[in-house]
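Tertiary structure, described
What follows is each chain in one-letter form.
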Amino acid sequence: MAPRDRHRSSAPLQVLLFLNGWYCATYFLLEAFVFVYKVLLLPYPVSNLVLDVVLLLLYLGIEATRIFFGSKGNLCQRKVPLSLSLALTVPAAVLAVYYLLLQTYSLRLEAFLSAILLLFYGLELLLGVLALLSFSRCCIPGTGGAGAGAARKATGAMCKRLTTSSEFITQFQPIQRQI
């Protein structure tokens, strides 16, 4: 059994980030093919086409960065990369809404793909916030920790996470397998 204060990464968030990586690649390729289809069959203004293609490339960069930081932040149990990933969810969701509602010609296929993408973002945002809360080391008053009660606050007790050297070393020892 793991020590009580040891944090764990979120397996559901990691699975969702992995699936979203594959979905992002599929979404990008399908949108690129849909743009070719729309340019060939519809009277697409050149300025709008350039805008849509630039936003699609921007989406690809934001999404790749967001998934990378989210995965690394979750696996390494770091708050800053995971927070950055959650912050990048906002512009990625705005671009998904753009492709859902605001582009020049929006096909039903694009609406369906963007709705799935927004569902991914909502779930990842929820699981990411929960993972951030589990990685948090602050004391919440009233939870029975070092910050609970007015008497402890009055004495100036500080919330610290102390680890002994033996606990620190055991965290980095490799797992030995029996053959």
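Residues numbered from 1 in each chain as written. Predicted model: local features only at pLDDT ≥ 70, side-chain atom pairs only at ≥ 80, totals over all residues. Heavy atoms only, no water.

So, the pattern of salt bridges
As a reminder of what qualifies: Salt bridge, as used here: a side-chain nitrogen of Lys or Arg that lies within 4 Å of a carboxyl oxygen of Asp or Glu. What counts as a helix is a DSSP run of H or I of at least four residues, what counts as a strand is a run of E of at least two, and both are numbered from the N terminus. When a residue's accessible area, from a 1.4 Å probe over protein chains only, is under 20% of the maximum for its type it is buried; when over 50% it is exposed; and in between it is partly exposed.
Per the counting criterion, the structure on display carries three salt bridges. For K38, the salt bridge identified is with E110, shortest N-O distance 3.1 Å. Here the residue K38 occupies a position in helix α1 (residues 11-41), and E110 occupies one in helix α4 (residues 108-135), the gap between them amounting to 72 residues. Taking the shortest distance from any N to any O, the salt bridge between R66 and E63 comes out at 2.8 Å. With R66 and E63 both in helix α2 (residues 46-75) and three residues apart, this pair spans about one turn of that helix. Each member of the pair, R66 as well as E63, carries the same accessibility label: buried. What emerges from the salt-bridge pattern is a single network uniting E63, R66 and E124.

Quick notes on the nonpolar core
Let me state the cut-off plainly: Among the buried residues, those of types Ala, Val, Leu, Ile, Met, Phe, Trp, Tyr and Cys that are joined through side-chain atoms within 4.5 Å form a nonpolar core. Two residues form a contact once any of their heavy atoms are found within 4.5 Å.
Formed by 23 residues in total, the largest nonpolar core has its most connected members in Y23, Y27, L56, Y59, Y99, L117 and Y121. The set of elements that each furnish at least two residues to this core consists of α1, α2, α3 (79-102) and α4. With seven residues, α3 is the single largest residue contributor to this core. Leave out the neighbours within four places in its chain, and Y59 touches C24, Y27, L95, L117 and Y121. Listed in part, the seven residues of the second largest apolar core include L13, L17, L86 and L132.

Observations regarding the packing of α3 against α4
The condition that has to hold: A fitted line through C-alpha atoms represents every axis, and for helices the fit uses only the stretch in contact; the resulting angles, taken between N-to-C directions, go from 0 to 180 degrees. Oblique is the label for any angle not under 35 degrees, not over 145, and not in the 65 to 115 range, which are roughly parallel, roughly antiparallel and roughly perpendicular in turn. Left-handed describes a crossing in which the near helix is turned anticlockwise from the far one by less than a right angle; the clockwise case is right-handed. Residue classes follow a fixed rule: Ala, Val, Leu, Ile, Met, Phe, Trp, Tyr, Cys and Pro count as nonpolar, while Asp, Glu, Lys and Arg count as charged, and any other residue, Gly among them, counts as polar.
At a minimum axis separation of 9 Å, α3 and α4 run at an interaxial angle of 160°. Accordingly, the angle class assigned to the pair α3 and α4 is roughly antiparallel. Remark: the crossing between α3 and α4 carries left-handed chirality. Broken down by class, the residue content of the contact of α3 with α4 amounts to 18 nonpolar, four polar and three charged.

Re α2
Under the convention used in this document: Here the expected length of a helix is defined as 1.5 Å per residue gap, with one fewer gap than residues.
For α2, with 30 residues, the first-to-last C-alpha span of 43 Å sits near the 44 Å given by 1.5 Å per residue. Among the residues making up α2, those that are buried are D52, L55, L56, Y59, I62, E63, R66, I67, G70, S71, G73 and N74. Contact partners of the buried residues in α2: α1, α3 and α4. A positive backbone phi angle near 55° is found at Q77, which sits one or two residues after α2.

Some details on empty space enclosed by the protein
Over the atoms a probe the size of a water molecule is rolled, and this reveals where empty space is left. To keep it simple, the criterion reads: Within this scheme a cavity is a closed region of a 1 Å grid, computed over the protein atoms alone, that accommodates a 1.4 Å probe without allowing it to escape, whereas a pocket is open but has protein on both sides within 12 Å along at least five of seven lines; lining residues each have an atom within 4 Å of a point. Grid points are joined across faces, edges and corners, and a volume is the space filled by probe spheres set on the points.
Within this structure, the stated rule accounts for one cavity of 30 Å³ or more. Within this model, the largest cavity holds a volume of roughly 40 Å³. It is α3 that contributes the most residues to the lining of the largest cavity, four residues altogether. A per-class count over the lining of the largest cavity returns four nonpolar, three polar and two charged.

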